[in-house]
Amino acid sequence: MPTKPLADLEAMVGDSRVTVEEFRIEPGKVEEFARAITAEDPVFRDEAAAADRGYDRVPAPLTYTQVGRFPRYTPDDVDGKGFDLGFRPEYVLHGEQAYEYERPVAVGDVLEGTTTLADIFQREGGRAGTMTFAVLETEYRTRDGELVLTDRSTAIETEGAVDDESDPDDSASDAPDATEPDGGTAGSESAVPATAADEFDRVRTAADLAVGDAGPTVVVEDLERKQFVKYAGASGDFNPIHYDEPYATAAGNESVFGQGMFTAGVASRVVTDWFDLRDVTSFGVRFQSRVFPGDTVVATGEVVDVDRESGTVETELEASTADGETLLTGTATAALE
């Protein structure tokens, strides 16, 4: 349970504050972040490759604004996401993350983020105990006030660590399953098809798509602890539960586990291998399980709706382990010709 009464937290709903300032989108950091989510697309590191694709600047990956959590971008009077909710970090889960894009974030942008506590509430989560949900919305704008994107994040504090025996249906209606996967193993013999970015032509027109069409498949095999460390260094998510084994096990976990946004970053590769970044208007995920060292992540997508008049294409996404344990589900929208 949070260290603050629920009534005090509810009184904070609607409060807004600047939580990110002078957030400079730097080329080296964009490349580092892209590599941390296993994206080797040269558009994220090579000006010539970006120009060939029609960009005047190198764009950043869809989830890049996670980098804004670094202390150098945080105002002196702000901790974390800007609100003292009394959540204990070792028992906090990232439930959902969603983005709405006005345009891609690009090298050279200097952004300011204003966060609003949009909602806070509690639900019973079965073996996870009482779960406290905090929904935070952050608008990122340029110095001249141009809105670039809005992100919406849901954090969940549980009463304790979620164990391997938790029932996946305990809290499915209100939260991610918050269960640890059984663990995809290194060297799984499952046949996992993979389509590299340069082998899948990006779709630019709605006429080229139909409901049921599959997007590219992204596979990241045999995860290692160092990949979680790389993502921590790239994103600024330094919660030790992702890289400090004694800390993680003391909190009741079987071992360290990957950041939810690391898995989301891998899933975002399906979208950016499928569509041009400029055409993506939304991307969102709902976390269901955690990824552990030795797991293989398989991310896929499918078209669920095509509006040929407006060019709007809706897709559903999933990332799972090689043996079928769902890690997250998601959606993405593209506005095509």
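Shown above is the structure to which this text applies.
Values in this document were obtained by computation on a predicted structure and should not be read as measured data.

A. The environment of Pro61, seen in detail. Among the structural elements, Pro61 can be located in the loop between α3 (47–52) and β2 (92–101). We classify Pro61 as buried; its relative accessible area is 4%. Once the C-alpha coordinates of Pro61 and Val43 are considered, the two residues, 18 residues apart in sequence, prove to be 9.6 Å apart.

B. Structural context of the pairing of strand β10 (residues 326–335). By the bridge criterion, seven bridges tie strand β7 (residues 280–287) to β10 in an arrangement that is antiparallel. The residue bridging Arg286 from the neighbouring strand is Thr329, located in β10. Alignment of strand β9 (residues 312–321) against β10, held across nine bridges, turns out to be antiparallel. Within β10, the residue paired with Thr312 across the bridge is Ala335.

C. A look at the environment of Ile241. Positionally, Ile241 belongs in the loop between α4 (225–235) and α5 (245–250). Looking at Ile241, the relative accessible area reads 4%, which means it is buried. For Ile241 and Glu90, which are 151 residues apart along the polypeptide, the C-alpha to C-alpha distance reads 6.9 Å. Residues in contact with Ile241, not counting those within four places in the same chain, are Glu90, Tyr247, Ala248, Ala251, Asn253, Val256 and Phe257.

D. Region of interest: the pattern of salt bridges. Within this structure, the stated rule accounts for 22 salt bridges. One salt bridge connects Asp109 with Arg103, and the closest N-O pair in it is separated by 3.0 Å. Where Arg204 meets Asp279, a salt bridge forms, and the shortest distance between an N and an O atom there is 2.7 Å. Here Arg204 is found in the loop between β5 (147–157) and β6 (218–220), whereas its partner Asp279 is found in the loop between α6 (260–274) and β7, with 75 residues between them in sequence. Exposure remark for Arg204: the relative accessible area of 32% places this residue in the partly exposed category. Each of Asp56, Arg57, Arg103, Asp109 and Glu146 takes part in one network of salt bridges that share partners.

E. Local environment of a nonpolar patch on the surface. Among the surface-exposed residues, Val229, Phe238 and Tyr243 lie close enough to one another that they form a single nonpolar patch of about 280 Å² accessible area. By the element assignment, Val229 lies in helix α4. Here Val229 falls in the partly exposed class, since its relative accessible area comes to 45%.

About the thresholds
- Residues numbered from 1 in each chain as written.
- Predicted model: local features only at pLDDT ≥ 70, side-chain atom pairs only at ≥ 80, totals over all residues.
- Heavy atoms only, no water.
- Helix = DSSP H or I, 4+ residues; strand = E, 2+ residues; numbered from the N terminus.
- Buried < 20%, exposed > 50% of the residue type's maximum accessible area, 1.4 Å probe, protein only.
- Pairing = 2+ DSSP bridges.
- Contact = heavy atoms within 4.5 Å.
- Salt bridge = Lys/Arg side-chain N within 4 Å of Asp/Glu carboxyl O.
- Patch = residues over 30% accessible without salt bridge, like charges linked within 9 Å, V, L, I, M, F, W, Y side chains within 5 Å.
- Areas by Shrake-Rupley, 256 points an atom, 1.4 Å probe, with all protein chains shown as cover.

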